Each structure stands twice: as structure tokens, then as C-alpha cells.
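Structural characterization, general
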Amino acid sequence: MKLFDKLIGWRQLRNVLLIMNLTGILLFLSLFSVSAGAFSQERISIQKTNTTIDELVDAIEKQTDYQFFYNSSLSNQVGSIDIDIKDATITAFLKELSLRTHLEYGIKDQIVILKEAKKTIQNTVTIRQTLSGTIRDSKTGEALIGASVAVKGTSKGAVVDVNGNFDLELEPGKYTLVISYIGYKTKKISIEVLPGQNKEIDITLDKEVSSMDLVTVVGSRTTPRTTMESPVPIDNISATELSTSGQNVLDQQLMFKVPSYNATQQPISDAAAHFSPAGLRGLLPSRTLVLVNGKRKNSSALVYSYVTPGRGEVGVDMKAIPTAAIDRVEILRDGAAAQYGSDAVAGVINLVLKKKSDPFINMGYNVTSEGDGQQYNFDTGFGVDILDKGYANFTFSYIDQQRTQRAGEITSLEDEANYWGVTETSDYSLSDLDGFLTRNPSAGFQVGLPDMTITSFAYNTGYTLREESNTEIYSFGTLTNRTGSAPQFARVPYWVPGFQAIYPNQEFFLAEMAPQILDNTFSLGFRSDFNDWNFDLSSTLGKNRIDYYIINSFNQSFAGTSPSNFYNGAHEFSHIVNNLDVSRAFKPAGIKALTLAFGAEHRTENFKIEAGEFASYGDGGSPDAQGDRTGSESFPGFKPENASNNYRSNLGFYTELTTDITDAFLIGGATRFENYSDFGQNISWKLNSRVKLYEDKINVRASVSNGFRAPSLHQIYYTAVTTTLTENGVVQNGILENENPALRALGIPRLQAETSFNVGAGLTYRITDNIGLTADVYQITVEDRIVLSGQVTATGDPASPIDQVLSDVGVGSAGFFLNAIDTKTQGLDIVLTFDDITAGKGYFEGSISANFNETTVESINLPNFIVENDLENNIFSREDVSRMETWRPQEKVVGTVTYNLDKFSTSLSSLYYGAVTYLSNNEVDDATYSGKTIVNLSVSYEMNDNVQFTLGVNNIANVYPDTFSEAYSDREGHPIDRNLDFVGRFKYPWQTTQFGIDGRRYFADINFRF
């Protein structure tokens, strides 16, 4: 059987595993003079002409239990062979083979190693030297029989013999050896062969670390632990795992890999179409803290104000970190406010950047089966050593995404006419509408992914100033620029008349949200050890800025002088975070270890709103205006009175103590004090424990903690006017800043911090070295949860404070942020992980994981003024409750398996998204959208050590969410409230999207390593 240069075949693997499990002491046998009597001699008969070494070996292996090892180049060197032998022993066969090919052989038990015979070089100007050595396991010292030694850039190589030895004949010069062995990390060694000197080297290889044995940083400020031994549940996902998803951006890669993580792109949702509101463990974006290399990542400048999951929330822009720069993602599925501060209610996501990578280029392309939504990606990067004392890694990434179109069609002429009040006698008549819909069945609507271009740069570097004290200066950073355009609601002449003045000969116009989004992070730090104390001092700057542009729009009040493109203003959020972290491990008498950590954090935050140009919000006052609408259609600009520049700061102190009382029993605790300049103080605490049982194979763990989440500056100062669908049709909605004095007149208090209580318990079971199971249950209660209210509309009474407030801000209805509800989330996480499972000629690796969660709104707490004026349903309606409880899947199961065979690998994954339910304010429009299963498949081939090619299909069966017509099949195929499907323009639900509406995607990737 042929031995590939980099990977050994299945026969070699099977016998290596056999040898590793032998309990006897291996005896040394010569490779070149073996007595036939030393072996059990099975009889061989073979007659072949013009055959190869590969064919001969296959034939012998079928007749006997012997297995052969040899270098891949040997077959070409020997060429064709004729052999005729009957009823011979293995020794007789090998002697005959040696005579015919001049090969040398060695036998150990039932393993045969073939190699090229040594040649005596005479009368030649080329002098070769012998490079010999051993290859062994770095821990056990066991010989790694069959390991491959390749000379990079040449066809030369060797196979390690039964004693762990190898030798090569090389001309004097400098070489790079590549040593590989299945189940071990490939190692590269630079050597120099000098004239007249043979060289000997001893090489050790480290075993590949199982994903279950990877050490994680997140989850504890003290001693890092593996995911199986941690007292709290942690996921550790490598960059390789993320890349097999077929997705280009981090939020969607995590969506495809982590059951407890949900991030769905929302079509037609203003700037939110360029983001993906993400939640962890059934909670929405604001309650997940994101770190980069353990340092707090800045939030985005966007408030999700649209009526989709995540409404009123603020999260981190997960598209801002290029996946190609990431080494791994650590996800702590436990409350951690006592360790990390505000926002760590549902958990913590830590993005660990690469320290050093070989130069690489990745290119990819994917497209839907409809032929749209093309996505192109290009990544490149490299890492370098800095004077043998430091490292630096640089990554550049470019992604281009084109839009998709999945709009529905107007259900009927009568439905559209009734919705807009079009009659035969109206200015835009019924016959006009009939002709328009004949030509434009979707009324000009576009629904799907937006156009988007993302350009990113990331670096990660460190330099050791003093090795004795591990004194290091380090820095990392990212810079991401994102542009694009997302279609909004198409404007038709019976909705916004007069646009033909700037769009002649057009039957409608399609305004598009085209923001420019800039996100950057920069961190500089210094760490050192002194008298067994570990110090880490750092400062991190982060900023996210969104400049809003509306293109292909119209300001009706300007009539024919209206621009078509508008600058609508900007949102910007930035922070400066200074951290000091100190830790030390002690070994007091009577216990195994005690680790103490403490530190401080000072954070300054800034949130800006900048006004847009006058035409984006102003009244043009044109006498030719055919209506009273002002501002750019779909998204009016921010007015000067909306502009603001607000700061706050907070100072936090924490301490954490972890005690390993014995090898089996651990207990830990943490507490944190925070003081915010705007809302005051908070104290958080946490306790956790872990017990090892059954020869350390089972770990039982539990944690309990309280926490908090400070109201974001966005939620305090955000103000905007948007166009959206409500029960009253398409209206201009205002969102008032919480500090607006008018809200005090409505009895709306200033925002206070949310508080949470988190309890969890679980176990891990190390079934074998390669198979592990974790199961964890949790409950998270959140009190005084901040929500963005529904719209309060005018009463018609000019003396009403409600009417006065709305009149002052110039909108037909308004919403605001307030502490309004208490929620309880209960859930179960299950993860089964397996790797290096031998099967046939290759091996399997993968995981099966699931999250089950349920969120309930326990109580709704509204100010007296709201209750007395019967505005409860306006502030937080039945639909708002449903958004919290049932708009995201309560079950998600992800199964992934990869089969590796020599240079091929095949990945198959299946994702089940549970049903979602929409509860309307009118119960007759309640609907449930059934659960769906998506299957993905990819095949990769390593063309050589430097090039890998991958082809794949995501969503093989072309599964889509249920359509409105399917969900309402028992009610004329559509809801009674036609705002829900906008009279058929939306084919799929836009409020409760489970997994997107792209359908099947084909993708291809090619990766170069140098």
C-alpha cells in the first residue's frame, strides 16, 4: 500500500494503534538481516507481470496479516516488476523481491518496512551525507513507527522504522524537514548538512489536543481549565470548525455551529438589515458580553428599533472581526457579571486572535440556487517571529455580498385597493391600480439580503522584554469598514404621490438604506510576573460609527427640487477601557491549590447623534408638493435638536478566589463592585463548584450568581423617526430619548440597571479519550428588564399630555425606553463531542449539540400614568410579549461529522430549528411556523501540502420557512391584519424569521498555505 508524504493510510493507522496497545516489551530486530525462523511463516503464492510495488503489496496483504510501510516515492523509483512465486514464506518472498528491486526490508511482528537500499557512491563529484535520527512521543518516549519525514521542496523522504529510527542521504546544504504522524501535530525543523559530516537528530512529536482538552481563558480570572474540567459550561470552537460552515461572517458561522447562539439577518429593517441581532441562551443581544483576547469589545452604535427580534436592544457588531484572524472562539454559557461586569447576563463570548500563522490566501465564492446573492471572499495573512522573543500576526479580509430577492406578490387587486383606499373615483383609480399590479405583481418590493462589502484588517503582536519574569508588551487591533445598500419599502404613486417629478417614467421608487459602518478596536498592554504574582495592565479603545445615507429616495415637500440621495446623520459609540488584573496561585498546607485574582476596570463611554442634511428631515415648502409628508422617505434624517454628545464613566473592582481542595473537589467565588456616574452602584457575586467522580471521568458542576446590566447610553439618549408597519398602517414613528422632560410628564422614570439571578448545574462525562458528553441546565431571571415600548398615539384631545408630547416632536406616534418587565428563562444545553474515531480507512470527528430554552414574561410593571390612561397595551402589548417568548426557536439542534481519509475530508451537518409562534394583538391572527431541518455537505481535497480545495452545498433540500399562505392556510391563506404580510409583499414572515430566506447555496473555497 502506498504511503503518502504527509498522511499515512488506514492500514498503517490500524497497526500503529495495535502496537501502541501491546503490553509486551518490543525487542530490537535488524531491518536488514532477519532470520526466517523468527516469524510465523504464512504461505504466499503470487504470479504477476509488469506490476508495481503498490499492486504487489495489496496482493500480499490480502493473503496474509502482514502490513507494509514504505515511502510514497518508492513505487515510482522501482517501476514495473515481474514475479512468480508459489507456496513461499514471507521471508522467501521478501528475499526474491529484494533481488529483483534492490530494496531493503525489515520485519517486526507483522509489520514489514521497505526502503531503498543504501548505495556506495564512487567516482562522483556529488558527496552525500547521512542524516539519521529518531522520532518519538514527546511524553512517553515511545517510537512512532511509520511516521513520515519529508524534505520540503523535494521528493526525498523516509519512513520511521520499528525502533523509531530513520535515515536520509542528503547533499550538503540547508533543508526544512516536515515530520507528520496521524494523531500528532505536524512539526517543521530547519537543519543544515555540512560537507564531510553525518548528522543525527532526535525529534519528538506532541499529540494533537482533543477539543475536550483545550484550555480556555474565559470563565475564570484565575486558573485556566479545559472545557471538561471547568466548573461552568464553555464551548471552545476552532477557526477550522468555523470555516467548514460555508458562511463568510462570524455571526452566521456561530449561528451554524452553536445551538445556544441565534443571529438571523433581517430583511427590510432600516440599518438593522446590515447587522444581525444575536442572542445567547434565549436572551437578546444586550445581555451577552463580547471580549477580544479577554478585553471588552465595544458595542455597535445601532439600536435595533425595528419590530423584529431584538427590538430595543444594543449588541456588538459581530461582523467587525474577520474570521481569518481568529484562532478560536470561547463561549461561556453562564452568568459572569461578578467577573466581567455589565452585560454578562447570558454569558460571555471571547474571540482569541491568532498569534502566528503561516502565510495564507483563502478565496471563496457562493451563490444561491436562484442565481442571486453571490458572495465573494478573499483573506490573506501571515505571522512572523520577532527576534525569537516575540510574535506578530496580520490578517486582511474582503467580503462582497450581493442582494437576494424573495418578495411575494400582492394577493389580489381587491385586497390592495381596500388597504390603501383606492376606488374608481380616487385620483389614482382602481383601473390604474389594476394596470400597475399587472406590470408589477410585487408592487416594486424587494425582500432579502442587502448588498454589502466588508473590508477588515487585524493584527496581534507581543514581545518578551525579560524572559525570567515573563515580562511582555502586547497589542492587538482590528479595523473594519462596511458599506452596502438594503432596499426599504417600495413607494408607489397611491402611497407617495408626486415622486414622478424626480423619477419620470417610473411607476415606483425603491429607497435604499446605504450606511457606511466603521468599527475599530485597539489594545495595548503590559504583563509580567513578580514574586509569583501575575500582573496585566492594559488599555483598550473601541469605536463603532454608522453614517446613514438614504439613496433613491424622495422628500415630498420639496417636490421637483427634492434630492434623490440624502445624508441622514450619524450614530457613534466609543469607549476607553483601562484594566489592571492581578493573580497568584498558592499551595497552602492541606489543600491542593488556591488561586486568587483581583483587579480594577475604569471605562469611559461616549454616544453621539449627529444631524443630517436639511433635506433629509426638513420641509421644502414647495407649492407643488402633492401631500404633507416631510423628510426623506423610509428614514427621515436626524434634526439638529436630535443631535447630542453624551458621556459616562464607571469604575469597577473585582476579586475572585478558586480553591482546589483536592484533585477532585473545587470551589470558587467572585464579587464585583461597580459605580456608574449616571445611575449609581451595583454589587454582583458568584459561587461555583466542581466534583470529579468515577476515576475523574465524570465531573459534576454547579454555579449560582447574581448580575446586572447597565442601561446603555444608546437606550438613554437614542432618538429617531422611522417608517414602519403597525396596526394603524404605515406610519412615522418617533422614539424619544429617556432624558426628554416630556417623558417625566407621562410618568416614565429615568432608566435604571436590570438585575439578574442565574443558577445552573450540569455534568461532564469523559466516555473515552476521544468521546465526551456535557449536559447543563440553567435558569436566568431578569428584573426591571429594559424594553422599547410600543407606540403611543394621540388621543385627539389637544389638552392631553400625550397629544402635546407627540405634537412637540412632530410624529404621529412615539415610543420610548423604560424598565418594564420581569422575565424568566430556563434551558438545557447538551453537547456530545468526538474526535479521532477510526472507521475503515479514515477517522471521524464532530459533535452533536442541542439547546432547549423557554422564556416567559413573569410580570409587566408600568407607571401609574400609563395604567390610569389605559395605555398598557400601547406600551407592551401581547405582540411584544410574544416577541420575547416565542419569536425565536426554543429548540435548536446541531449535528456535525467530518470524515478524514488521506487527502480527502467530507463534512456533513444537520441543523434543526424549532417552531416559532407569532401572537398578534388580535388573536385571530396568531400563527405558528413549523420547525425545519437544514442539511449541509462539503468535500475537501488537499492537492498538496500548500493547496486545499473545498466544494459544498448548504441547505441541500432548499428548505425555507413556512410562508404566510402555509401558516394561514385555514384563514384564506393570509392574516386578517394585512400589515403582517403587507398585502402579500412579504411571502415569508419577517417578524419571526428562524434561519433566513436564502434557500440552497452552493459554495467553493480554495486555500493556499506557504
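All values derive from a computational prediction rather than experimental measurement.

Summed over all chains, the structure comprises 38 aromatic pairs. Between phenylalanine 382 and phenylalanine 394, the aromatic rings sit 5.4 Å apart at their centres with planes inclined by 40°, giving tilted as the arrangement. Linking phenylalanine 382 in strand 23 (residues 375-386) with phenylalanine 394 in strand 24 (residues 390-401), this pair joins segments that are 12 residues apart in sequence. When its relative accessible area of 39% is taken as the criterion, phenylalanine 382 is described as partly exposed.

Let us now look at unusual backbone geometry. Even without being glycine, aspartate 870 reaches a positive phi, approximately 55°. Structurally, aspartate 870 is set in the loop between helix 14 (864-868) and helix 15 (872-875). Overall, aspartate 870 belongs to the exposed group, its relative accessible area being 61%. Even without a glycine there, the phi angle at valine 983 is positive, about 60°. Its place among the elements puts valine 983 in the loop between helix 17 (964-967) and strand 49 (1001-1009).

Together, Leu465, Ile473, Phe522, Leu524, Phe526, Phe530, Phe535, Leu537, Leu541, Ile576 and Leu580 make up an exposed nonpolar region whose accessible area comes to about 980 Å². Mapped onto the nonpolar patch, the elements with two or more residues apiece are strand 28 (516-530), strand 29 (533-551) and strand 30 (566-586). For the nonpolar patch, the element with the highest residue contribution is strand 28, accounting for four residues. Examined against the element boundaries, phenylalanine 530 turns out to sit in strand 28.

Looking at the protein, the pLDDT average stands at 85 and 90% of residues meet or exceed 70. Predicted confidence is poor over residues 1-41, with pLDDT under 50, and the contacts of this stretch with residues over four places away or in other chains come to 92 contacts. Confidence over residues 120-125 falls short of pLDDT 50; this stretch has two contacts with residues more than four positions distant or in other chains.

What follows covers the pairing of strand 44 (residues 904-913). Of the two faces of strand 44, only the one carrying Ser905, Ser907, Ser909, Leu911 and Tyr913 is buried; Phe904, Thr906, Leu908, Ser910 and Tyr912 on the other face are not. Bridge analysis of strand 43 (residues 891-901) against strand 44 gives 10 bridges, and the strand direction is antiparallel. The partner of valine 897 across the bridge, within strand 44, is leucine 908. In this antiparallel pair of consecutive strands, strand 43 and strand 44, the connection spans two residues, and aspartate 902 shows a positive phi of 50°. Examined bridge by bridge, strand 44 and strand 47 (residues 932-942) share 10 bridges and lie antiparallel to one another. Pairing of serine 907 across the sheet is with serine 938, part of strand 47.

Spatially, 8-7-10-11 is the arrangement adopted by the four strands of the open sheet, whose pairing is antiparallel. Unpaired on one side and paired on the other, strand 8 (157-159) and strand 11 (187-193) mark the two borders of the sheet. The sheet shows a mean angle of 20° between the axes of neighbouring strands, direction not considered. As paired strands, strand 7 (residues 148-151) and strand 8 are joined by three bridges and run antiparallel to one another. Across the sheet, the residue bridging to valine 149 is alanine 158, located in strand 8.

With that out of the way, let us pick up the sheet that holds strand 21 (residues 347-353). Pairing is mixed in the open sheet, where five strands are placed in the order 15-20-21-18-19. This sheet does not close on itself; its edge strands, each paired only once, are strand 15 (234-238) and strand 19 (295-296). As paired elements, strand 18 (residues 288-292) and strand 21 share five bridges and run parallel to each other. Residue pairing for strand 21: leucine 289 is matched across the bridge by valine 348. Contacting strand 15, strand 20 (326-332) and strand 21, helix 6 (residues 250-257) runs over the sheet at an angle of about 55° to strand 20.

Below, the discussion takes up empty space enclosed by the protein. In this approach a probe as big as a water molecule rolls over the atoms, and the regions it shows empty are the leftover space. Per the stated rule, a full pass over the model turns up 16 cavities of 30 Å³ or more. Estimates place the volume of the largest cavity at around 460 Å³. Around the largest cavity, the lining is made up of 30 residues, and of these Gln247, Gln252, Gln265, Phe995 and Asp998 lie nearest the centre. Counting only elements with at least two residues in the lining of the largest cavity, the list comes to helix 6, strand 24, strand 25 (451-466) and strand 47. For the lining of the largest cavity, the element with the most residues is helix 6, which contributes three residues.

Relative to each other, helix 8 (residues 413-420) and helix 9 (residues 430-439) sit at 125°, their axes nearing to 10 Å. On the basis of their axis angle, the class for helix 8 and helix 9 is oblique. Handedness of the crossing formed by helix 8 with helix 9: right-handed. From helix 8, Leu413, Glu416 and Ala417 reach across to helix 9, where they touch Leu430, Leu433, Asp434 and Leu437. Taken together, the residues that form the contact of helix 8 with helix 9 break down as five nonpolar, no polar and two charged.

Looking now at the pattern of salt bridges. One pass over the structure, following the stated rule, counts 49 salt bridges. For aspartate 235, the salt bridge is made with arginine 333, and the minimal N-O distance between the two is 2.9 Å. With a gap of 98 residues between them, aspartate 235 in strand 15 and arginine 333 in the loop between strand 20 and helix 7 (337-340) connect regions that are remote in the sequence. A relative accessible area of 14% means that aspartate 235 is categorised as buried. On the accessibility criterion, arginine 333 (3% relative accessible area) is buried. Here arginine 406 makes a salt bridge to aspartate 372, at a shortest N to O gap of 2.7 Å. Of this pair, arginine 406 sits in the loop between strand 24 and helix 8 while aspartate 372 sits in the loop between strand 22 (360-368) and strand 23; the two residues are 34 residues apart in sequence, bridging distant segments of the chain. We classify aspartate 372 as buried; its relative accessible area is 16%. Sharing partners across several salt bridges, the network here consists of Arg296, Asp343, Glu601, Arg603, Glu605, Arg648, Arg672, Glu674 and Asp678.

We now examine the side chain of aspartate 536. Of note, aspartate 536 is situated in strand 29. In this structure the side chain of aspartate 536 is engaged in a polar contact, spanning 2.5 Å, whose partner is the side chain of tyrosine 474. Setting aside chain neighbours within four positions, we find aspartate 536 in contact with Lys295, Tyr474, Phe526, Arg527, Asn579, Leu580 and Asp581.

Below, the discussion takes up the side chain of asparagine 298. The residue asparagine 298 is located in the loop between strand 19 and strand 20 in this model. Polar contacts involving the side chain of asparagine 298 include one to the side chain of aspartate 519, which spans 3.4 Å. Within the local environment of asparagine 298, its side chain forms a polar contact with the side chain of threonine 521, the two groups lying 3.4 Å apart. If sequence neighbours within four positions are ignored, asparagine 298 has contacts with Val316, Asp519, Asn520, Thr521, Gly542, Lys543, Asn544, Phe573 and His575.

Ranked by internal contacts, the top residues of the largest apolar core, which has 42 residues, are Phe445, Tyr494, Tyr929, Tyr968, Phe982 and Phe986. Elements represented by at least two residues in this core include exactly helix 8, helix 9, strand 26 (471-491), strand 27 (509-513), strand 45 (916-918), strand 46 (927-929) and helix 17. Looking at this core, the element that brings in the most residues is helix 9, giving three residues. Ranked by size, the runner-up nonpolar core spans 29 residues in total, among them Leu250, Val316, Met318 and Ile331.

A word on the environment of threonine 793. Relative to the helices and strands, threonine 793 is located in strand 40 (residues 792-793). When the C-alpha positions of threonine 793 and leucine 806 are compared, they lie 7.7 Å apart, and in sequence the two are 13 residues distant.

Looking now at helix 16 (residues 878-885). By the criterion of burial, helix 16 is predominantly enclosed, with seven of the eight residues buried. Its buried side turned inward, helix 16 meets strand 39 (771-788), strand 41 (813-839), strand 42 (842-860), helix 15 and strand 45.

For the rest of this paragraph, the subject is the pairing of strand 21. Side-chain positions along a regular strand alternate between the two faces of the sheet. In terms of burial, strand 21 is largely enclosed, as seven of its seven residues are buried. On strand 21, burial covers both faces: Gly347, Ile349, Leu351 and Leu353 on one face and Val348, Asn350 and Val352 on the other are all buried. Relative to strand 21, strand 20 runs antiparallel, the two sharing six bridges. Bridging across to strand 21, isoleucine 331 finds its partner in isoleucine 349.

About the thresholds
- Residues numbered from 1 in each chain as written.
- Predicted model: local features only at pLDDT ≥ 70, side-chain atom pairs only at ≥ 80, totals over all residues.
- Heavy atoms only, no water.
- Phe/Tyr/Trp six-rings, centres within 6.5 Å; stacked < 30°, edge-to-face > 60°.
- Helix = DSSP H or I, 4+ residues; strand = E, 2+ residues; numbered from the N terminus.
- Buried < 20%, exposed > 50% of the residue type's maximum accessible area, 1.4 Å probe, protein only.
- Patch = residues over 30% accessible without salt bridge, like charges linked within 9 Å, V, L, I, M, F, W, Y side chains within 5 Å.
- Areas by Shrake-Rupley, 256 points an atom, 1.4 Å probe, with all protein chains shown as cover.
- Salt bridge = Lys/Arg side-chain N within 4 Å of Asp/Glu carboxyl O.
- pLDDT = per-residue confidence, 0-100.
- Contact = heavy atoms within 4.5 Å.
- Pairing = 2+ DSSP bridges.
- Axes fitted to C-alpha atoms, helices over the stretch in contact; angles between N-to-C directions.
- 1 Å grid on protein atoms, 1.4 Å probe; cavity = no way out; pocket = protein on both sides within 12 Å on 5 of 7 lines; lining within 4 Å.
- Points joined across faces, edges and corners; volume = space filled by probe spheres on them.
- Parallel < 35°, antiparallel > 145°, perpendicular 65-115°, else oblique.
- Left-handed = near helix turned anticlockwise from the far one by under 90°.
- Nonpolar A, V, L, I, M, F, W, Y, C, P; charged D, E, K, R; others polar.
- Polar contact = N/O pair within 3.5 Å; in protein donor to acceptor, adjacent residues only side chain to side chain.
- Core = buried A, V, L, I, M, F, W, Y, C linked by side-chain atoms within 4.5 Å.

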